Amino acid sequence: MKVTFYQRKPAPGSFSLEKLFSDVRASFSDEITYKVVINRFLSRGVIRRLVNTVEAMLHQGDINHITGDVHYLSYFLRKKKTVLTILDCGAFEYLQGFKRTVFFYLWYWLPEKRVSIITVISESVKKDLLHILQCDPKKVRVVYCCISRLYKRKPKMFNQDKPIILMIGATKNKNIFRTIDALRDIRCRLNIVGNISANQKQYLKTSNIEYEIFLNLEESKMIGMYEMSDMLIFASTYEGFGLPIIEANVVGRPVVTSNISSMPEVAGNAACLVDPYDVESIRKGILKVIEDKEYRDELIESGYTNADRFRSKEISSQYEELYREMLTPKDANRLDN
């Protein structure tokens, strides 16, 4: 079976989507052969998007898989052979008026009409998408993100006197200002992976929190960030999935994350769940992990078990099953012979 993967041309520093599907493809069985088609242009402007769409037509396989963030590539592909992955619906919620209407029709309504199956990365995203689209729920399938095989268990003695707290991302949904408020007067060092704004940097300084910023890390160095940390704080207000939760689980670091959106679904019983809109709730969660060794150890052990749900082999097999479902009996016979 020949599968064509369509990927966006990534903006500088944005490679999480590409990494995800690279891990998926690495675990495919011998039944799957594939090629990866990367857009010629960034997804900006009508002409650039049109060129990307036309070029996509020239590379179709037995199955076409649009891997997210370039939904418009579906317009001219063979509908019955095309699957679209939608990672989240966060951008739609911030739009209003005419822009919201145009975005709805071009990014959701029309692509849904032009594909056979839509995959989403959590039940939470499926719920959001069905609220927006109101399409047939059977058309929308949940296939979770997978954890890279490079992440390994790495036990570490917890530094209770001055823990290193890891935070991934600094965009609005990452909730950095409330997290900073929650950390006031807690002796720690906050390691932030992400490009923080001048306002965020000033707020950290005035809050008297020791911190360090890390940018554009290769995967090996990203893994090193988890290994040197004592815990992960991920009190986001919205996530399509929340991969840092699982990455911390695998390495063996306790996690404090939000009790909304996809995060409880992903974390299971392997994280301390807090209200991301309540500074005191975030603070209590952080302190409970720092001060309660028994609870902390329980989270770490639960994390190892939780991570097994997201191993790349398991996720790859789910995609393979979905591709086979899309083949007609005639297609299947041709491929078998």
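Structure: above.
Given the structure is predicted, the values throughout are model-derived calculations rather than measurements.

> What exactly am I supposed to notice about the overall build of the protein chain here?
When you go through the protein chain residue by residue, the secondary structure sums to 14 helices and twelve strands. By principal-axis analysis of the C-alpha atoms, the protein chain measures approximately 65 × 45 × 35 Å. Out of the 337 residues belonging to the protein chain, those deemed buried represent 52%. Considering only residue pairs separated by 6 or more positions, the protein chain has 66% of its internal contacts joining residues 24 or more positions apart.

> Looking at this structure, I do not really get the nonpolar core. What am I missing?
A general feature of soluble globular proteins is that nonpolar side chains tend to end up buried together. Tyr108, Leu129, Phe241, Ile246 and Tyr323 are the most contacted members of the largest nonpolar core, which totals 77 residues. Looking at this core, the element that brings in the most residues is helix α9 (residues 243-251), giving six residues. Leaving out residues up to four positions away in the same chain, Tyr108 has contacts with His71, Ile86, Asp88, Cys89, Phe92, Phe103, Leu129, Ile132 and Leu133. In this structure, Ile165, Ile186, Ile233 and Val289 belong to the second largest nonpolar core, which totals 27 residues.

> Honestly, the environment of Val142 in this entry has me stumped. Any pointers?
Of note, Val142 is situated in strand β6 (residues 140-142). Along the primary structure Val142 and Ile118 are separated by 24 residues, whereas in three dimensions their C-alpha atoms are 8.6 Å apart.

> Is there a simple way to think about the sheet that holds strand β12 (residues 272-274) in this case?
Strand pairing in a sheet takes place through backbone hydrogen bonds and is either antiparallel or parallel in direction. As summarised here, the arrangement of the six strands in space is β9-β8-β7-β10-β11-β12, forming an open sheet in which the pairing is parallel. Lying at the two open borders of the sheet, with one neighbouring strand each, are β9 (210-214) and β12. On average, each strand axis in the sheet is tilted by 25 degrees relative to the strand beside it, whichever way the strands run. Strand direction decides the pairing type here: strand β7 (residues 164-168) and strand β8 (residues 189-193), joined by five bridges, are parallel.

> Is there a simple way to think about a nonpolar patch on the surface in this case?
Side chains of Leu50, Val54, Met57, Leu58 and Phe76 sit close together on the surface and give an oily, nonpolar patch of about 480 Å² of accessible area. Along the chain, the position of Leu58 falls in the loop between α2 (46-57) and β3 (63-66). We classify Leu58 as exposed; its relative accessible area is 68%.

> Would you mind going over the pattern of salt bridges with me for this structure?
For side chains of opposite charge, pairing can occur when their charged atoms come near one another. Following the criterion strictly, the structure yields 18 salt bridges and no others. For Lys139, the salt bridge is made with Glu112, and the minimal N-O distance between the two is 3.0 Å. A residue pair is termed long-range when its members are at least 10 positions apart, and Lys139 in the loop between α5 (123-133) and β6 and Glu112 in helix α4 (residues 97-113) qualify at 27 residues. You can call Glu112 buried: its relative accessible area is 8%. Of the charged contacts in the structure, one is a salt bridge between Lys174 and Glu239, with a shortest N-O distance of 2.6 Å. Here Lys174, found in the loop between β7 and α6 (176-183), pairs with Glu239, found in the loop between β10 (231-234) and α9; they are 65 residues apart in sequence, far enough to count as distant.

> Any chance you could explain the packing of aromatic side chains here in plain terms?
Each aromatic ring pair is characterised by the separation of its centres together with the angle its planes make. One pass over the full model with this rule turns up 21 aromatic pairs. Members of the aromatic cluster, joined through ring pairs, are Tyr72, Phe92, Phe103, Phe104, Tyr105, Trp107, Tyr108 and Trp109. Positioned above the aromatic ring of Tyr304, the side-chain terminus of Arg153 is 3.5 Å from the ring centre.

> Is there a simple way to think about the sheet that holds strand β2 (residues 33-38) in this case?
Here we have six strands laid out as an open sheet, ordered β2-β1-β3-β4-β5-β6, and parallel in their pairing. Across the chains shown, the open sheet's two edge strands, defined by having one partner strand only, are β2 and β6. Geometrically, the sheet is characterised by an average inter-axis angle of 25 degrees between neighbouring strands, direction not taken into account. Pairing of strand β4 (residues 82-86) with strand β5 (residues 117-120), which is carried by four bridges, proceeds in the parallel orientation. Looking at β5, one finds that Thr85 is bridged to Thr119. The strands touched by helix α1 (residues 16-26) within the sheet are β1 (2-7), β2, β3 and β4, with β1 carrying the most contacts at an inclination of about 165 degrees.

Thresholds, definitions, all that
Residues numbered from 1 in each chain as written. Predicted model: local features only at pLDDT ≥ 70, side-chain atom pairs only at ≥ 80, totals over all residues. Heavy atoms only, no water. Helix = DSSP H or I, 4+ residues; strand = E, 2+ residues; numbered from the N terminus. Buried < 20%, exposed > 50% of the residue type's maximum accessible area, 1.4 Å probe, protein only. Contact = heavy atoms within 4.5 Å. Core = buried A, V, L, I, M, F, W, Y, C linked by side-chain atoms within 4.5 Å. Pairing = 2+ DSSP bridges. Axes fitted to C-alpha atoms, helices over the stretch in contact; angles between N-to-C directions. Patch = residues over 30% accessible without salt bridge, like charges linked within 9 Å, V, L, I, M, F, W, Y side chains within 5 Å. Areas by Shrake-Rupley, 256 points an atom, 1.4 Å probe, with all protein chains shown as cover. Salt bridge = Lys/Arg side-chain N within 4 Å of Asp/Glu carboxyl O. Phe/Tyr/Trp six-rings, centres within 6.5 Å; stacked < 30°, edge-to-face > 60°. Lys NZ or Arg CZ within 6 Å of the ring centre and 35° of its normal.

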